[in-house]
Number of protein chains: 2
Amino acid sequence: MAQAVRHDAMRARNLSLVLREVRTHGSLTRASLAEVTGLTKTTVSKLVADLLDAGLVVETGAVRGGERGRPGVEVRVSGDRVAALGLELNVDYLAVRVVDLARRVRLRLTQTVDNRLSEPLDVIGDLRRLALSALAQAEGTGLRVVGAGLAVPGPVDAESGEIHNAPNLGWRNVPVGAALDLGVPIRVENEANLAALGELWFGVGRADFLYVSGEIGIGAGLVVNGALFRGARGFAGELGHVVVTPEGPQCRCGARGCLEQYAGQDAFFDAVGDRSPYAPGIDAIVARLEQGDAATLAACDKAGWALGVALSSAINLVDPHTIVLGGIYAPLFPWIGGVVAETMGARLAQLRAQAPPVEVSQLGSEAAALGAAGQVLETVVADPAALSERLTDRRDPAPR
Amino acid sequence: MAQAVRHDAMRARNLSLVLREVRTHGSLTRASLAEVTGLTKTTVSKLVADLLDAGLVVETGAVRGGERGRPGVEVRVSGDRVAALGLELNVDYLAVRVVDLARRVRLRLTQTVDNRLSEPLDVIGDLRRLALSALAQAEGTGLRVVGAGLAVPGPVDAESGEIHNAPNLGWRNVPVGAALDLGVPIRVENEANLAALGELWFGVGRADFLYVSGEIGIGAGLVVNGALFRGARGFAGELGHVVVTPEGPQCRCGARGCLEQYAGQDAFFDAVGDRSPYAPGIDAIVARLEQGDAATLAACDKAGWALGVALSSAINLVDPHTIVLGGIYAPLFPWIGGVVAETMGARLAQLRAQAPPVEVSQLGSEAAALGAAGQVLETVVADPAALSERLTDRRDPAPR
DNA sequence: ATATTTAGTCCACAACGTAGACTAATTCGG
DNA sequence: CCGAATTAGTCTACGTTGTGGACTAAATAT
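What to know about the protein's contact with DNA strand C
Next, step 1: Neighbouring DNA strand C are 31 residues, the closest being Ala-31, Lys-41, Thr-42, Ser-45 and Val-73 of chain A.
Next, step 2: For DNA strand C, the backbone portion of the atoms within 4 Å of the protein, that is sugar and phosphate, comes to 71%.
Next, step 3: A distance of 3.4 Å separates a base oxygen of DNA strand C from a polar backbone atom of Gly-69 of chain B.
Next, step 4: Every element with two or more residues in the surface near DNA strand C is listed here: α2 (30-37) and α3 (41-54) of chain A together with α1 (7-25) and α3 (41-54) of chain B.
Next, step 5: In terms of residues, the surface near DNA strand C owes the most to one element, α1 of chain B, which gives five residues.
Next, step 6: Considered class by class, the residues forming the surface near DNA strand C number seven nonpolar, twelve polar and twelve charged.

Here it is, written out as structure tokens:
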């Protein structure tokens, strides 16, 4: 709902605007900030002073060289004060990342473990240990971790931080957010959504794309104009259950002929006659593809065709600018990308000038954890004033 | 792109906030406005004074009765000063509506005509005559028409107001917006999108729903949190080309087995053996259904099943709260709504608590024209200050 | 060395919302 | 029927924030 704008809200917005422009341009002088924001030099100077106080930006010694006139002092986002924790709890691994406000990854902890074999609370305990260790290390280097994001493989109630139903883990109604209890605010979100945001902020993503996360389930994260599209109940992006053939094979969701039955990890591994679907599995598959194994190539064709069909529906409905393939589709991309693009092209080329390009994710399994951390950093950029208060409360009271 | 907030922007936003609250509550006193907006009584009084000056709200004599204390003077949105023009150019009719800021329809002009038989410029000329006549009548009653919206059956380039490709009219690259030349700003938009907005503002629509427009083509308009979802290029909502059966009948879009081949108006009329697809056609179909004609009932089942399949994909992808069926599906609803809901239920019930409810549009063929007018009124509510300037600066046709 | 140019700061000021005193108009209670 | 209580709305002094232009600072061009 729209909110009244008072002086403090005006200031908060302009502060956010300045910080955002600094980030998108890498570094900027106050004078050029005044130009790009439309604010006056005076105002920009005051805002930058506040951001410097809060430690969110720093002056680089560097100046703009070569031209006439007094050189400007550039400021850039500081990576030494504020950071966020990105967590991922997935079927076969746990991942923790610490990312600073300048979007540099400061710490990586990953643990490979089959979480389907353990009780939810034990898995959460493992993740908690990893996260607390990362927190301690980060704060040891002077970083203030302002929040955490957690990616889980399944739909999430964003308000309560509760996992509704994660079929691949076999979890139902697990309050992960509360159980983690890290001492910092935590936001829980679907893995595909966060991987999409990871791709947006740390990978190839432009402002508009559909990220496809091929895991045991197939999820999609839609980014529109730089923001995640969640749908009315937060369940958008269930690409795995888009119809490929309405009377096709039975899916565990109760329907028939869903994409997951053609291009999901299990279906794919079944098709190539391999029943070890985890990390070693995908490498073996790639090896076979590199050797030109006919059955495996055929499985790729089939999965790629189905993915192309489902994506055609998705493109007709939500019109993404680009398709980014992640998860297992990233290593398989050389063998699957072509079929996907061809299938889409055949179905879409006439109605649109051209089908959206199909690209491959650069981040691998790190995408979701990075997106989770990035989402927290985004809240800082969106309202630096809120953080500044928190910072000043903790430390010496800065002049207001 | 985020914009800097100056004093004038702050004021503009608060003005908009007050006007919006007045509209959503019907009528409000200054004191209750202060409560709901969070602004002080002083500020609200000043803002309301400006809105009264601009003629956007009026004081009702009515007061809040019964309770103790001085009674408050209620204000409500004024329908006597500002209005908008809603236009629709469709395959078999032209429609013009004048709607005032209080969302009352002040004038309806409709002309039934097969526009596929005429040159684009002639059709536009017809619409222009209707529109100018409506403009004159509206201004004769003291209304100031601040803009027009135009609904067309096909994807539109929103910037230029150009129809890209309207296959059902046989039009390509027609600059309708410019050609209409009404002397007021005009916004051109896809018919399904505007019908969705019409349903949102004038019909049954809640804040989140997917509107299905069954015409010769099948379009969809997705409303999320009260706003239209357009996709990256503005082509979202092409429900008619969502896959039902990947190797099904050839579609004119170049693909196979699109929804349009099963549930589009032409396909449907073919299935019942009727080749007169226009207004008389649908009434005849309904008559047959009322008589229990088996072939027609079977055609409804088939179309409803296909629609349910395609909507299942749509729901998995975009997670709308509700489905609203419009266009020809509205009169057919008693015979088609059940099949659609059952098909969806069978495919979705397990993954979600329940499939979205399926409702029927109340507006009939008026939806798009009303949405077009409503969209213009929305810009007034979003920035009353801009209009106020225009009103005072009489002579300047200020853009934006 | 001096003129020119650009960066950044300073200061008086304007725009807007706030706080709370004040006035206005009603109901309640005796 | 009249005064107390209560609520609506206005008025005035004030605080916060951005503005505009003068001013100072630091570089390059001639």
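Having put the structure on the table, let's press on.
Concerning the relation of the copies chain B and chain A
Superposition of the two copies of the chain requires a rotation about an axis together with a shift along that axis.
Next, step 1: Rotating chain B by 180° and translating it 0.1 Å along the rotation axis places it on chain A, where the RMSD comes to 0.1 Å. The transformation relating the two chain copies, once decomposed into turn and shift, fits a two-fold axis. Measuring from the rotation axis to each C-alpha of chain B, the shortest distance belongs to Thr-245 of chain B, at 2.8 Å.
Next, step 2: Both copies present the same face, since 100% of the interface residues in chain B are matched by interface residues at the equivalent positions in chain A.

Focus on the pattern of salt bridges
Next, step 1: For the coordinates displayed, the defined rule picks out 34 salt bridges over all chains.
Next, step 2: For Arg-106 of chain A, the salt bridge is made with Asp-80 of chain A, and the minimal N-O distance between the two is 3.7 Å. Of this pair, Arg-106 of chain A sits in strand β6 (residues 105-112) while Asp-80 of chain A is found in the loop between β3 (73-77) and β4 (82-89), placing the two residues 26 residues apart along the sequence.
Next, step 3: Here Arg-230 of chain B ties to Glu-189 of chain B by a salt bridge, and the two come within 2.7 Å at their closest N and O atoms. Taken as a pair, Arg-230 of chain B in the loop between β14 (227-229) and α7 (260-263) and Glu-189 of chain B in strand β11 (residues 186-190) lie far apart in primary sequence, 41 residues in all.
Next, step 4: Given the relative accessible area of 27%, Arg-230 of chain B is considered partly exposed.
Next, step 5: One connected set of salt bridges, linked through shared partners, spans Arg-20, Arg-23, Arg-103 and Glu-378 of chain A.

Some thoughts on helix α11 (residues 329-348) of chain A
Residue and element names in this part refer to chain A.
Next, step 1: The end-to-end C-alpha distance of α11, which contains 20 residues, comes to just 21 Å, noticeably less than the 28 Å that a straight helix rising 1.5 Å per residue would cover.
Next, step 2: Of all the bends in α11, the largest measures some 70° and sits at Trp-335.
Next, step 3: Buried residues of α11: Tyr-329, Ala-330, Leu-332, Ile-336, Gly-337, Val-339, Val-340, Thr-343, Met-344, Arg-347 and Leu-348, and no others.

Quick word on the packing of aromatic side chains
Residue and element names in this part refer to chain A.
Next, step 1: The final tally for this structure, using the stated rule, is three aromatic pairs over all chains.
Next, step 2: Taking the centre distance of 6.0 Å and the plane angle of 65° together, the rings of Phe-268 and Phe-269 count as edge-to-face. The residues Phe-268 and Phe-269 share a single accessibility class, namely buried.

Comments concerning the packing of helix α1 (residues 7-25) of chain A against α3 of chain A
Residue and element names in this part refer to chain A.
Next, step 1: Contact geometry of α1 with α3 gives a least axis separation of 10 Å together with a crossing angle of 80°. Looking at the two axes, α1 sits roughly perpendicular to α3. Between α1, through Arg-11, Asn-14, Leu-15, Val-18 and Leu-19, and α3, the contact on the second element is made entirely by Lys-46, Leu-47, Val-48, Asp-50 and Leu-51.
Next, step 2: When its residues are assigned to classes, the contact of α1 with α3 shows six nonpolar, one polar and three charged.

Observations regarding the pairing of strand β10 (residues 171-174) of chain B
Residues and elements named next belong to chain B.
Next, step 1: By the bridge criterion, three bridges tie strand β9 (residues 162-166) to β10 in an arrangement that is antiparallel. Each bridged residue has a counterpart across the sheet, and for Asn-165 the counterpart in β10 is Arg-172.
Next, step 2: Once β9 ends, the chain turns through four residues before running back antiparallel as β10, passing Gly-170 with a positive phi of about 75°.

Things to note about the confidence of the model for chain A
Detailed reading of the predicted coordinates is not advisable wherever pLDDT falls low.
Residue and element names in this part refer to chain A.
Next, step 1: Put simply, chain A has an average pLDDT of 91, and 94% of its residues get 70 or more.
Next, step 2: Confidence scores differ between elements of chain A, with helix α13 (residues 384-394) showing the lowest mean pLDDT of 64 and β4 the highest of 98.
Next, step 3: Considering only residues more than four positions removed or in separate chains, one finds that residues 391-400, a stretch of pLDDT under 50, has nine contacts.

Description of the domain arrangement of chain A
All names here are of chain A.
Next, step 1: In terms of domain boundaries, chain A breaks down into domain 1 (7-77), domain 2 (82-197 + 369-394) and domain 3 (204-362).
Next, step 2: Placing the centre of domain 1 and that of domain 2 at their C-alpha centroids yields a distance of 31 Å.
Next, step 3: Buried area between domain 1 and domain 2, summed over both chains or domains, comes out near 1000 Å², and the portion from carbon and sulfur atoms is 67%.
Next, step 4: The largest contributions to the domain 1 side of the interface with domain 2 come from Arg-23, Leu-56 and Val-77, which together make up 47% of the buried area.
Next, step 5: Here domain 1 is connected to domain 2 by two salt bridges.
Next, step 6: Close ionic contact of Arg-23 with Glu-378 constitutes a salt bridge, the shortest N to O distance being 3.0 Å.
Next, step 7: The tally of links between domain 1 and domain 2 comes to three residue pairs in polar contact (both at pLDDT 80 or more).
Next, step 8: Listing elements by their share of the side of domain 1 that touches domain 2, those giving two or more residues are α1 and α3.
Next, step 9: Top contributing element to the side of domain 1 that touches domain 2 by residue count: α1, with six residues.

The rules behind each value
Each chain has its residues counted from 1, following the order in which its sequence is written. Think of it this way: whatever chain is written first is A, whatever ligand is written first is 1, and the rest follow in order. Local features are withheld for residues below a pLDDT of 70 in this predicted model, meaning they are given only at 70 or higher, and side-chain atom pairs are given and counted only at 80 or more; totals for whole chains, interfaces and linings count all residues. Values reported for side chains reflect all heavy atoms of the structure, with hydrogen atoms and water molecules removed beforehand. For this description, a residue counts as near a given molecule or strand if any of its non-hydrogen atoms is within 4 Å of it. By the criterion applied in these results, polar contacts are pairs of N or O atoms within 3.5 Å in which, for protein atoms, one can donate a hydrogen and the other can accept it, and in which residues neighboring in sequence qualify only through two side-chain atoms. Under the DSSP-based scheme used, a helix requires at least four consecutive residues in state H or I and a strand at least two consecutive residues in state E, with every element numbered from the N terminus. By the convention adopted, Pro, Cys, Tyr, Trp, Phe, Met, Ile, Leu, Val and Ala count as nonpolar, Lys, Arg, Asp and Glu as charged, and the other residues, Gly among them, as polar. Copies are brought into register by a least-squares superposition over C-alpha atoms of residues with pLDDT of at least 70 in both. By the convention used here, residues are in contact when the closest approach between their heavy atoms is within 4.5 Å. Every case where a carboxyl oxygen of Asp or Glu lies within 4 Å of a side-chain nitrogen of Lys or Arg is listed as a salt bridge. Each residue is assigned to one of three classes by its accessible area relative to the maximum for its type, calculated with a 1.4 Å probe on protein chains only: buried under 20%, partly exposed between the two thresholds, exposed over 50%. A helix is expected to span 1.5 Å for every residue after the first. In this analysis the local bend is the angle between axes fitted, respectively, to the seven residues ending at and the seven residues starting at the residue. Here a pair means two rings of Phe, Tyr or Trp (six-membered ring of Trp) with centres within 6.5 Å. Their orientation is stacked below 30 degrees between planes, edge-to-face above 60, and tilted elsewhere. All axes are obtained by fitting lines to C-alpha atoms, using only the stretch in contact for helices, and the reported angles, taken between N-to-C directions, cover 0 to 180 degrees. Any angle that falls under 35 degrees is termed roughly parallel, while one over 145 is termed roughly antiparallel, one within 65 to 115 roughly perpendicular, and all others oblique. In this scheme, strands are said to pair when DSSP sees at least two bridges between them. As a per-residue measure, pLDDT reflects the predictor's confidence and takes values from 0 up to 100. The domain limits used here are those given by an automatic or database domain assignment. Two parts placed together each lose some accessible area under a 1.4 Å probe, and the buried area is that loss summed for both.

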